[in-house]
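Observations on the model geometry
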Amino acid sequence: MARWLLDIHDRVADSRIQLTQEALAQLLGVRRTTVTLTMRKLREAGGIISEQRGVLEIDRTRLGTIACECYGVMRDRINRMYDEELPVGSHMRSARLPE
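Residues numbered from 1 in each chain as written. Predicted model: local features only at pLDDT ≥ 70, side-chain atom pairs only at ≥ 80, totals over all residues. Heavy atoms only, no water.

Brief notes about helix 3 (residues 32-44)
The end-to-end C-alpha distance of helix 3, which contains 13 residues, comes to 18 Å, matching closely the 18 Å that a straight helix rising 1.5 Å per residue would cover. Here helix 3 has its buried residues at Val35, Met39 and Leu42. Along the axis of helix 3, the buried residues cluster in a sector spanning 60 degrees; they form a single face. Away from its buried face, by an angle of more than 90 degrees, helix 3 presents the exposed residues Lys41 and Glu44. At its buried positions, helix 3 is contacted by helix 1 (2-9), helix 2 (21-28), strand 2 (48-52), strand 3 (55-58) and helix 4 (60-66). (Helix = DSSP H or I, 4+ residues; strand = E, 2+ residues; numbered from the N terminus. Expected span 1.5 Å × (residues − 1). Buried < 20%, exposed > 50% of the residue type's maximum accessible area, 1.4 Å probe, protein only. Arc of directions from axis to C-beta. Contact = heavy atoms within 4.5 Å.)

See the structure below:
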């Protein structure tokens, strides 16, 4: 779940993500109760702050230490795919994920 939250956070401009636990459960293909239990653990570890229903504030540094190394591996793979697909000198905004 930490990796998924980091992946989602890569695509928004704010440290806050509007996402319900129900929507997150559907994204992950798990029951909502599983999300609730996991969110509690992430909150206790300081990776997320959720004060308002449906809004998650991400602490990238802490969440990054909680996530497995697969987050960095997948981020690098996606960046390489974008580098290969986007033409050099393209006027398109770069879609690279943050390092």
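Here the narrative resumes, following the displayed structure.
Description of the side chain of His9
Position of His9 relative to the elements: it lies in helix 1. Dropping the residues within four chain positions of it, His9 is found in contact with Asp14, Ser15, Ile17, Ile58 and Arg60.

Digging into the layout of surface pockets
In this structure, the largest pocket encloses a volume near 230 Å³. Every element with two or more residues in the lining of the largest pocket is listed here: helix 2, helix 3, strand 2 and strand 3. Within the lining of the largest pocket, the residues separate by chemical class into 5 nonpolar, 5 polar and 5 charged. (1 Å grid on protein atoms, 1.4 Å probe; cavity = no way out; pocket = protein on both sides within 12 Å on 5 of 7 lines; lining within 4 Å. Points joined across faces, edges and corners; volume = space filled by probe spheres on them. Nonpolar A, V, L, I, M, F, W, Y, C, P; charged D, E, K, R; others polar.)

A short note on the nonpolar core
Formed by 17 residues in total, the largest nonpolar core has its most connected members in Leu5, Met39, Leu42, Ile48 and Leu63. Looking at this core, the elements with two or more residues in it are helix 1, helix 2, helix 3 and strand 3. Among the elements that take part in this core, helix 1 stands out by supplying 4 residues, more than any other. Excluding residues that lie within four positions of it along the chain, Leu5 makes contacts with Ile17, Leu19, Leu24, Met39, Leu42, Ile48, Leu56, Ile58 and Leu63. (Core = buried A, V, L, I, M, F, W, Y, C linked by side-chain atoms within 4.5 Å.)

Section: the pairing of strand 2
Here 3 bridges tie strand 2 to strand 3, and the two strands are oriented antiparallel to one another. When the sheet's bridge partners are listed, Ile49 is paired in strand 3 with Glu57. (Pairing = 2+ DSSP bridges.)

What about the packing of helix 2 against helix 3?
Between helix 2 and helix 3, the least distance of the axes is 9 Å, while the angle of their chain directions is 110 degrees. Taken as axis vectors, helix 2 and helix 3 run roughly perpendicular relative to one another. Listed contacts from helix 3 to Gln21, Glu22, Leu24 and Ala25 of helix 2 are Arg32, Val35, Thr36, Met39 and Arg43. (Axes fitted to C-alpha atoms, helices over the stretch in contact; angles between N-to-C directions. Parallel < 35°, antiparallel > 145°, perpendicular 65-115°, else oblique.)

With respect to the sheet that holds strand 2
The antiparallel open sheet is built from 3 strands, whose spatial order is 1-3-2. In the strand order of this sheet, the two ends are held by strand 1 (16-18) and strand 2, each with one partner. Direction aside, neighbouring strands of the sheet carry axes that sit 30 degrees apart on average. In this sheet, strand 3 lies alongside strand 1 in antiparallel orientation, the contact comprising 3 bridges. Of the residues in strand 3, the one forming a bridge with Gln18 is Val55.

Keep in mind these numbers describe shape, not what the thing actually does.
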